[in-house]
Amino acid sequence: MECLVTFSPDKATLNEIQSFEAKHQLTLPEDYQKFITLHNGAKIFEILADGENIGGGLQLFSLEEIEEELNYEDLFEGINGIPIGYLLEECHLMIDKDKIKQGDPNYLYIFESGLEYNPLNLNFEIFLDRYILANGEPFWDWRYYTAENYYRTR
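Residues numbered from 1 in each chain as written. Predicted model: local features only at pLDDT ≥ 70, side-chain atom pairs only at ≥ 80, totals over all residues. Heavy atoms only, no water.

Regarding the layout of surface pockets
Rolled over the atoms, a probe as big as a water molecule pinpoints where empty space is left. Here the largest pocket defines a volume of roughly 400 Å³. Arg130, Phe139, Trp140, Asp141 and Trp142 are, among the 16 residues lining the largest pocket, the residues nearest its centre. Across the lining of the largest pocket, the residue classes tally to 10 nonpolar, two polar and four charged. Met1, Cys3, Phe45, Ile47, Gly56, Gly57, Leu88, Tyr131, Asn135, Gly136 and Glu137 together form the lining of the second largest pocket. Tallied by class, the residues present in the lining of the second largest pocket amount to six nonpolar, four polar and one charged. (1 Å grid on protein atoms, 1.4 Å probe; cavity = no way out; pocket = protein on both sides within 12 Å on 5 of 7 lines; lining within 4 Å. Points joined across faces, edges and corners; volume = space filled by probe spheres on them. Nonpolar A, V, L, I, M, F, W, Y, C, P; charged D, E, K, R; others polar.)

Notes on a negative patch on the surface
A cluster of acidic side chains, namely Asp10, Glu16, Glu64 and Glu68, defines a negative patch on the protein surface. Among the structural elements, Asp10 can be located in the loop between strand 1 (2-7) and helix 1 (14-24). (Patch = residues over 30% accessible without salt bridge, like charges linked within 9 Å, V, L, I, M, F, W, Y side chains within 5 Å. Areas by Shrake-Rupley, 256 points an atom, 1.4 Å probe, with all protein chains shown as cover. Salt bridge = Lys/Arg side-chain N within 4 Å of Asp/Glu carboxyl O. Lys, Arg positive; Asp, Glu negative; His and termini not counted. Charge placed at Lys NZ, Arg CZ, Asp CG, Glu CD. Helix = DSSP H or I, 4+ residues; strand = E, 2+ residues; numbered from the N terminus.)

Section: the packing of helix 1 against helix 3 (residues 63-70)
Taken N-terminus to C-terminus, the directions of helix 1 and helix 3 make an angle of 20°; their axes are 11 Å apart at the nearest point. By the angle between their axes, helix 1 is roughly parallel relative to helix 3. Remark: the crossing between helix 1 and helix 3 carries left-handed chirality. Every residue of helix 3 that contacts helix 1 at Glu16, Ile17, Phe20, Lys23 and His24 is listed here: Leu63, Glu64, Ile66, Glu67 and Leu70. By residue class, the composition of the contact of helix 1 with helix 3 is five nonpolar, one polar and four charged. (Axes fitted to C-alpha atoms, helices over the stretch in contact; angles between N-to-C directions. Parallel < 35°, antiparallel > 145°, perpendicular 65-115°, else oblique. Left-handed = near helix turned anticlockwise from the far one by under 90°. Contact = heavy atoms within 4.5 Å.)

Comments concerning the nonpolar core
Nonpolar side chains tend toward joint burial in soluble globular proteins. Leu28, Tyr32, Leu60, Ile66, Ile84, Leu93 and Phe127 are the most contacted members of the largest nonpolar core, which has 35 residues in total. It is helix 5 (residues 124-133) that provides the largest number of residues to this core, a total of four residues. Core analysis: the next-biggest nonpolar cluster, separate from the first, contains five residues, Phe76, Met94, Tyr109 and Phe111 among them. (Core = buried A, V, L, I, M, F, W, Y, C linked by side-chain atoms within 4.5 Å. Buried < 20%, exposed > 50% of the residue type's maximum accessible area, 1.4 Å probe, protein only.)

Considerations on helix 5
If you check which residues of helix 5 are buried, you get Phe124, Phe127, Leu128 and Tyr131. Projection of helix 5 onto a plane perpendicular to its axis shows the buried side chains occupying an angular sector of 95°, all on one side. Along helix 5, the residues that are exposed and aim more than 90 degrees away from the buried face are Glu125 and Leu133. Of the surrounding elements, those touching the buried residues of helix 5 are helix 2 (30-38), strand 2 (42-49), strand 4 (58-60), strand 5 (81-87), strand 6 (91-96) and strand 7 (108-112). (Arc of directions from axis to C-beta.)

A word on the side chain of Ser62
Structurally, Ser62 can be placed in the loop between strand 4 and helix 3. At a separation of 3.2 Å, a polar atom in the side chain of Ser62 contacts the side chain of Glu64. Apart from residues lying up to four places away in sequence, Ser62 is in contact with Asn40 and Gly41. (Polar contact = N/O pair within 3.5 Å; in protein donor to acceptor, adjacent residues only side chain to side chain.)

Digging into the packing of helix 2 against helix 5
Taken N-terminus to C-terminus, the directions of helix 2 and helix 5 make an angle of 60°; their axes are 7 Å apart at the nearest point. By the angle between their axes, helix 2 is oblique relative to helix 5. Contact residues: helix 2 offers Asp31, Tyr32 and Phe35, while helix 5 offers Phe124, Glu125 and Leu128.

Some thoughts on helix 2
Three or four residues apart is the spacing at which side chains of an α-helix point the same way, because the helix has 3.6 residues per turn. Listed as buried for helix 2 are Asp31, Tyr32, Phe35 and Ile36. Down the axis of helix 2, the buried side of the element spans an arc of 130°, and every buried residue falls inside it. Seen from the open side of helix 2, the exposed residues pointing more than 90 degrees away from its buried face are Glu30 and Lys34.

Read these as layout, nothing more, since geometry by itself doesn't imply function.
Rendered as structure tokens:
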């Protein structure tokens, strides 16, 4: 299988970030801010078949795309989060606003099929690092092994 990774050459400016934060009454996490000041959006591990993009992978939204996603108010009703990406065909990667306000570094959530809002217990930097190391596989579903329990469960 052939995959494509593209990072947007556009960069979010400090003014754009501050305007976004003021509008949504939050301060974006430092690691996420750093990413969007380098690449205001990305597509990671899109699947190609005969050179044609057939989907899959992770799409990280630009600030403008986040605003577009937020227009679907009915989808995010009752969720106090900001969608920053789309993955696995029916999931949104979300920054939980309550976690940010509390100073909790584990602010990322997966919003699956508009139904389940599940914590990843990660920040953006760790998520992106692991997503790339796992070649786009949903590593957050893997069974958790320690050195102690790995050999007992084999």
